[in-house]
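Chains, contacts and geometry: an overview
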Amino acid sequence: MFFHIVLERNMQLNPRFFGRNLRENLVSKLMKDVEGTCSGRHGFVVAITGIESVGNGLVRNGTAFVTFPLKYQCVVFRPFKGQILEAVVTLVNKAMSISFMYLYDFFFWLHLIPDDTEFQAGDMLNYTTSDGSVKIQKECEVRLKIIGTRVDATEIFCVGTIKDDFLGVINDPAAA
């Protein structure tokens, strides 16, 4: 799920970035450092939407760097067990781990895909149903359900299934 939350961070800035554009330099550095990162507590930071406050800078002893406390609003994505997502397949291999590009990777084991699906080697690695009607391959869009998550300090791992009703391939660009 996506959430709009307020977070805080101390940003260190080199004195060469001081001047008229101090605030813009802080915001630019914040976006570069924070967007696309993952916190186990909050999830993946998708975008910074605003700056609530920039505190007074504090010069660090022994260096010329100044630390500024920033409070900012951002959109974060945190997956939950039972959540339904749509993603793009980025990797298919024989061990049946299918990597999805959403904001992170999902992994599927053999018992989490339809029973009549088999691995097909060749130019384009894929999993195909016995009648050939469904093909899971790179670049196809898939609807999946998260059945488990594991949270670390800087990563979130998910296990998903495409075996339930209304899940599976929803768009295959190779078929078009």
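Read on for a plain summary of the structure. Just so it is clear, the model here is predicted, and its values are computed rather than measured.

Attention shifts here to the side chain of T117. Its place among the elements puts T117 in strand β9 (residues 117-120). According to the relative accessible area criterion, T117 is buried, its value standing at 12%. A polar side-chain atom of T117 sits 3.1 Å from the main-chain carbonyl oxygen of P114. If near-sequence neighbours (up to four positions away) are discounted, T117 is found in contact with Y127, T128 and T129.

Inspection of every chain in the model, using the stated rule, returns four aromatic pairs. Consider the rings of F3 and F80, whose centres lie 6.1 Å apart with planes at 85°: the pair is edge-to-face. Note that F3 is positioned in strand β1 (residues 2-13) and F80 in the loop between β5 (66-77) and β6 (84-92), a separation of 77 residues in sequence. Take F3: its relative accessible area is 33%, and that puts it in the partly exposed class. The partly exposed category is assigned to F80, whose relative accessible area is 34%. Ring centres of F18 and F68 lie 6.2 Å apart, and the angle between their planes is 85°; on these two criteria the pair is classed as edge-to-face. A residue pair is termed long-range when its members are at least 10 positions apart, and F18 in the loop between β1 and α1 (22-34) and F68 in strand β5 qualify at 50 residues.

Reading the values: the criteria
Residues numbered from 1 in each chain as written. Predicted model: local features only at pLDDT ≥ 70, side-chain atom pairs only at ≥ 80, totals over all residues. Heavy atoms only, no water. Helix = DSSP H or I, 4+ residues; strand = E, 2+ residues; numbered from the N terminus. Buried < 20%, exposed > 50% of the residue type's maximum accessible area, 1.4 Å probe, protein only. Polar contact = N/O pair within 3.5 Å; in protein donor to acceptor, adjacent residues only side chain to side chain. Contact = heavy atoms within 4.5 Å. Phe/Tyr/Trp six-rings, centres within 6.5 Å; stacked < 30°, edge-to-face > 60°.

In short, geometric facts, not functional conclusions.
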